[in-house]
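One-letter residues, chain by chain:
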Amino acid sequence: MNPALYLTIKQQVKDRLDLTASISDQQLKELIEESVFAISIQEQWTSTDMHEAVNRIFYSFRGLDILQPLIDDPAVTEIMVNGHTHIFIEREGG
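Residues numbered from 1 in each chain as written. Predicted model: local features only at pLDDT ≥ 70, side-chain atom pairs only at ≥ 80, totals over all residues. Heavy atoms only, no water.

> Please provide a residue-by-residue account of the packing of helix α1 (residues 3-16) against helix α3 (residues 47-62), values included.
At a minimum axis separation of 10 Å, α1 and α3 run at an interaxial angle of 55°. Judged by the inter-axis angle, α1 sits oblique to α3. α3 is crossed by α1, and the crossing has right-handed handedness. Two secondary-structure elements touch here, α1 through Y6, I9, K10, V13 and K14 and α3 through R56, I57, S60 and F61. (Axes fitted to C-alpha atoms, helices over the stretch in contact; angles between N-to-C directions. Helix = DSSP H or I, 4+ residues; strand = E, 2+ residues; numbered from the N terminus. Parallel < 35°, antiparallel > 145°, perpendicular 65-115°, else oblique. Left-handed = near helix turned anticlockwise from the far one by under 90°. Contact = heavy atoms within 4.5 Å.)

> Requested: an account of α3, with residues and values cited.
Look at α3: 22 Å from first C-alpha to last across 16 residues, which is about the 22 Å you get at 1.5 Å a residue. Those residues of α3 that fall on the buried side of the exposure criterion are M50, A53, V54, N55, I57, F58 and S60. (Expected span 1.5 Å × (residues − 1). Buried < 20%, exposed > 50% of the residue type's maximum accessible area, 1.4 Å probe, protein only.)

> Got a sec to walk through the nonpolar core? Specific residues and values, please.
Among the nonpolar cores identified, the biggest contains 15 residues, and I9, I32, V36, W45 and I57 are the most heavily contacted of them. Residue assignment for this core shows that the elements contributing at least two residues are α1, α2 (25-43) and α3. Those residues in contact with I57, other than ones at most four positions away along the chain, are Y6, I9, K10, I32 and V36. (Core = buried A, V, L, I, M, F, W, Y, C linked by side-chain atoms within 4.5 Å.)

> Residue-level account of the side chain of Q68, with values.
Locating Q68 in the fold gives a position in helix α4 (residues 68-72). Residues in contact with Q68, not counting those within four places in the same chain, are Y59 and G63.

> Break down the environment of T48 for me, citing the residues and quoting the values.
The residue T48 is located in helix α3 in this model. When the C-alpha positions of T48 and R16 are compared, they lie 25 Å apart, and in sequence the two are 32 residues distant.

> So, α1: which residues are in play, and what are the values?
It helps to recall that an α-helix has 3.6 residues per turn; residues three or four apart then point in one direction. With 14 residues, α1 should cover 20 Å at 1.5 Å per step; its first-to-last C-alpha distance of 20 Å lies within 8% of that length. All of the buried residues along α1 are L5, Y6, I9, K10 and V13. The buried residues of α1 occupy an angular sector of 135° when projected down its axis, which confines them to one face. Exposed side chains of α1 directed beyond 90 degrees from the buried face belong to P3, L7 and D15. Packing partners of the buried residues in α1 comprise α2 and α3. The opening residue of α1, the one whose side-chain oxygen lies 2.8 Å from the backbone nitrogen of A4, is N2. (Arc of directions from axis to C-beta. Polar contact = N/O pair within 3.5 Å; in protein donor to acceptor, adjacent residues only side chain to side chain.)

Here it is, written out as structure tokens:
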């Protein structure tokens, strides 16, 4: 996903959040989906693109952003972060 587009969608979601109240994961995901679906028409995204965008933005709010899929992957045995541009992973010990 284009980084600028990612930031645009994330800001749209932030603008719609009521920061005085809590929001469930389901409600947050619905807000994200609405924003992603609106942009996906212009960008001609596939359903896979939309799914990945929704998850990426959701993880930026409720997870560890770009690292979350690696953390959820049982084959990943180590994650090494060396700055924001270098992330190394070890799968199954190698």
